[in-house]
Amino acid sequence: MTDNDPRRQLLLELLQAGLAAVDGRRRTADTLKPLIAASNPATRYHVAAVGKAACAMALGAHDALGGSILRMLIIAKDGHLEVGVESLPGVEIMESSHPMPDERSLRAGQRLFEFVAEMPAAVMPVFLISGGASSLVEVLMPGSTLQDLRQLNAAGLASGEDIGELNARRRTISRLKGGGLTARLKGRAALALFVSDVPGDDPAVIGSGILGPVATAADQVTRRIIARIEDAMQAVGVRAADLRTWISDGRFEGDADRLAVRLTHELCLSAAQVCVWGGESVVRLPPSPGRGGRNQHLALAAARLIAGEEDLLFLAAGTDGTDGPTDDAGALVDGETCARVTVAGLDVERSLLAADSQSALAAAGDLVHTGPTGTNVGDLAVGLKLSTAQARSWYERHPIANSPVR
């Protein structure tokens, strides 16, 4: 695939449209503005933002609330700080670790507990929660250690364990998960906004449920989901304009190799020119895995199945801009991907078995890099069934500025 292939540019434009629709800053501001307009104008706020989209959501809160915010705590992933957050009034920023917790996660969890305890009775607490919070903040049960926590997370990541099952095990050693932060509010009213990256968009699961419901009449937290993968999927369909588009009505899940078979089969059999899916796959890691993430693995597995097909392309990307332990969001493959990998002296099958998809995709020139996106609603996959001539014709009818995604 060459950089001037209009189909590649089209897929990247569609990805960018999906990301823009779930932008944490805009969705937070749009949600808060009408709520604030209906509240007492004298109300003042303390805001805590935790997760991969913490900075974007904090900026959105400031867009809506402005000087009504007296204090703000932002706990974000390393490298995910956004321009402008340092100058927010009353802000305190902590960078922490993801996907594996470390000592900073424990310090951040303790600081979050303190932040809630320090809130004056007169202020309104606002919490902005997005995926990644499970690793970024933690307060352990007495007798549990950081090593226990890291071993639990590592085992869950390696096995591809269901997020609900992993969260249940996390709660056994955590004072924060499973509504722990809700309990710290001791019945005071609060507002919580969620950017969801989990099946069912359940606040009891997002961020391992740190602000999930607790079984008590004193729970007065108002919870709102402000962005989810379906929003991104629908935006892709809108941007695809007059191309025949099919959008899945359910989220994908499970083993990435099996999903590659299913999704490419749907793409091949569909009458649509654009197929859109959302969800989250899993990859079961070998004892000594290489580099790559679930989206890169899914894309490389799909590349095997569309090899030699001139008009088929497939993109899989994490909406947070990262994929596993890499800084790439995912990959965009076509019918010649496997050939390019072979020419580079690598083997697709071996790369998949070794969970080393990044090496193969880098050799093929097929990695997709967005940088931090300010959101995290799970994974987006888009299949394209289009000739180069059809793509050029589409661009003549729908000129779009070049996407910052590459």
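Everything here concerns the structure above.
Residues numbered from 1 in each chain as written. Predicted model: local features only at pLDDT ≥ 70, side-chain atom pairs only at ≥ 80, totals over all residues. Heavy atoms only, no water.

Turning our eyes to something else, we now look at the overall build of the protein chain. Regarding its fold elements, the protein chain presents 15 helices and 13 strands. A compact globule built from 406 residues should have a C-alpha radius of gyration of about 22 Å, and the protein chain, at 22 Å, falls within 12% of that. Considering only C-alpha atoms, the protein chain reaches an extent of 65 × 50 × 35 Å along its principal axes. When burial is assessed residue by residue, the protein chain has 56% of its 406 residues classed as buried. The contacts in the protein chain between residues at least 6 apart in sequence include a share of 79% that link residues at least 24 apart. Of the roughly 16100 Å² that the protein chain leaves accessible, carbon and sulfur atoms contribute 51%. Averaging the coordinates of the 40 positive side-chain charges in the protein chain and doing the same for the 48 negative ones gives two points 5 Å apart. (Helix = DSSP H or I, 4+ residues; strand = E, 2+ residues; numbered from the N terminus. Rg over C-alpha atoms; globule rule 2.2 N^0.38 Å. Buried < 20%, exposed > 50% of the residue type's maximum accessible area, 1.4 Å probe, protein only. Contact = heavy atoms within 4.5 Å. Areas by Shrake-Rupley, 256 points an atom, 1.4 Å probe, with all protein chains shown as cover. Lys, Arg positive; Asp, Glu negative; His and termini not counted. Charge placed at Lys NZ, Arg CZ, Asp CG, Glu CD.)

Here the focus is helix 9 (residues 229–239). Those residues of helix 9 that fall on the buried side of the exposure criterion are Ile 229, Ala 232, Met 233, Ala 235, Val 236 and Gly 237. On its buried face, helix 9 is in contact with helix 1 (6–21), strand 7 (245–247), strand 9 (274–282) and strand 13 (379–385). Backbone geometry just after helix 9 places Ala 241 at a positive phi near 50°.

This part takes up empty space enclosed by the protein. On inspection of all chains with the given rule, the structure shows one cavity of 30 Å³ or more. Here the largest cavity defines a volume of roughly 40 Å³. Lys 52, Ala 53, Ala 54, Cys 55, Ala 56, His 80, Glu 82, Pro 372 and Gly 374 are the residues that line the largest cavity. Here the lining of the largest cavity is built from residues that sort into five nonpolar, two polar and two charged. (1 Å grid on protein atoms, 1.4 Å probe; cavity = no way out; pocket = protein on both sides within 12 Å on 5 of 7 lines; lining within 4 Å. Points joined across faces, edges and corners; volume = space filled by probe spheres on them. Nonpolar A, V, L, I, M, F, W, Y, C, P; charged D, E, K, R; others polar.)

For the bond running from His 98 to Pro 99, omega is 10°, close enough to zero to count as cis. Among the secondary structure elements, Pro 99 is positioned in the loop between strand 3 (91–96) and helix 4 (103–117). Although it is not a glycine, Ser 208 adopts a positive phi angle of roughly 55°. Looking at where Ser 208 falls in the secondary structure, it is placed in the loop between strand 5 (190–195) and strand 6 (221–227). In this model, Ala 241 sits at a positive phi of 50°, which is unusual for a non-glycine residue. Of note, Ala 241 is situated in the loop between helix 9 and strand 7.

So, on to the layout of surface pockets. When its volume is computed, the second largest pocket comes out at roughly 160 Å³. In terms of lining residues, the second largest pocket is bounded by Leu 35, Ile 36, Ser 39, Tyr 45, Met 124, Val 126, Ala 190, Leu 191, Thr 222 and Arg 224. Sorting the residues of the lining of the second largest pocket by element identifies helix 2 (24–37), strand 4 (124–130), strand 5 and strand 6 as the ones contributing at least two each. Tallied by class, the residues present in the lining of the second largest pocket amount to seven nonpolar, two polar and one charged.

Glancing now at the packing of helix 1 against helix 9. Where helix 1 meets helix 9, the closest approach of the two axes is 7 Å, and the angle between their N-to-C directions is 135°. Taken together, the axis directions place helix 1 and helix 9 in an arrangement best described as oblique. In the crossing of helix 1 with helix 9, the sense of the turn from one axis to the other is right-handed. Along its contact with helix 1, which presents Glu 13, Leu 14, Ala 17, Gly 18 and Ala 21, the element helix 9 presents Asp 231, Ala 232, Ala 235, Val 236 and Arg 239. Grouping the constituent residues of the contact of helix 1 with helix 9 by class yields six nonpolar, one polar and three charged. (Axes fitted to C-alpha atoms, helices over the stretch in contact; angles between N-to-C directions. Parallel < 35°, antiparallel > 145°, perpendicular 65-115°, else oblique. Left-handed = near helix turned anticlockwise from the far one by under 90°.)

It is worth spelling out the packing of aromatic side chains at this point. By the definition in use, this model includes three aromatic pairs. Each ring, one from Trp 246 and one from Trp 277, has its centre 6.1 Å from the other, and the planes form 70°; the classification is edge-to-face. In this pair, Trp 246 is assigned in strand 7 and Trp 277 in strand 9, connecting sequence segments 31 residues apart. Both rings, one in Trp 277 and one in Phe 314, keep their centres 6.0 Å apart while their planes meet at 45°; by these two values the pair is tilted. On the criterion of sequence distance, the pair formed by Trp 277 in strand 9 and Phe 314 in strand 10 (residues 312–318) is long-range, its members being 37 residues apart. We classify Trp 277 as buried; its relative accessible area is 0%. Within the aromatic cluster, the residues linked to one another by ring pairs are Trp 246, Trp 277 and Phe 314. Cation over ring: Arg 184 sits above Phe 113, and NZ or CZ is 4.1 Å from the ring centre. (Phe/Tyr/Trp six-rings, centres within 6.5 Å; stacked < 30°, edge-to-face > 60°. Lys NZ or Arg CZ within 6 Å of the ring centre and 35° of its normal.)

What follows deals with the side chain of Lys 177. Looking at the element boundaries, Lys 177 is found in the loop between helix 7 (163–171) and helix 8 (180–184). Among the polar contacts made by the side chain of Lys 177, one reaches the main-chain carbonyl oxygen of Val 137 at a distance of 3.2 Å. If near-sequence neighbours (up to four positions away) are discounted, Lys 177 is found in contact with Ser 134, Val 137, Glu 138, Arg 170, Arg 171, Gly 207, Ser 208, Gly 209 and Ile 210. (Polar contact = N/O pair within 3.5 Å; in protein donor to acceptor, adjacent residues only side chain to side chain.)

This paragraph deals with the pairing of strand 1 (residues 45–50). The side chains of a regular strand alternate, first on one face of the sheet and then on the other. Counting buried positions along strand 1 gives six out of six residues, so the element sits mostly inside the fold. Because side chains alternate across strand 1, one face comprises the buried residues Tyr 45, Val 47 and Ala 49, and the other comprises His 46, Ala 48 and Val 50, equally buried. In terms of strand pairing, strand 1 meets strand 2 (residues 69–77) through six bridges, oriented parallel. Within strand 2, the position partnered with Tyr 45 by the bridge is Ile 69. (Pairing = 2+ DSSP bridges.)

A word on the state of the cysteines. All chains considered together, the criterion is met by zero disulfides. Of the cysteine sulfurs around Cys 275, a residue in no disulfide, the closest is that of Cys 268, at 9.3 Å. Residue Cys 275 is classed as buried on the basis of its relative accessible area of 0%. (Disulfide = S-S within 2.5 Å.)

The next subject is the sheet that holds strand 5. Strand order across the open sheet formed by six strands is 3-2-1-4-5-6, with parallel pairing between neighbours. In the strand order of this sheet, the two ends are held by strand 3 and strand 6, each with one partner. The mean angle between the axes of side-by-side strands here comes to 15°, regardless of whether they run parallel or antiparallel. Bridge count for strand 5 against strand 6 is six bridges, and the pairing is parallel.

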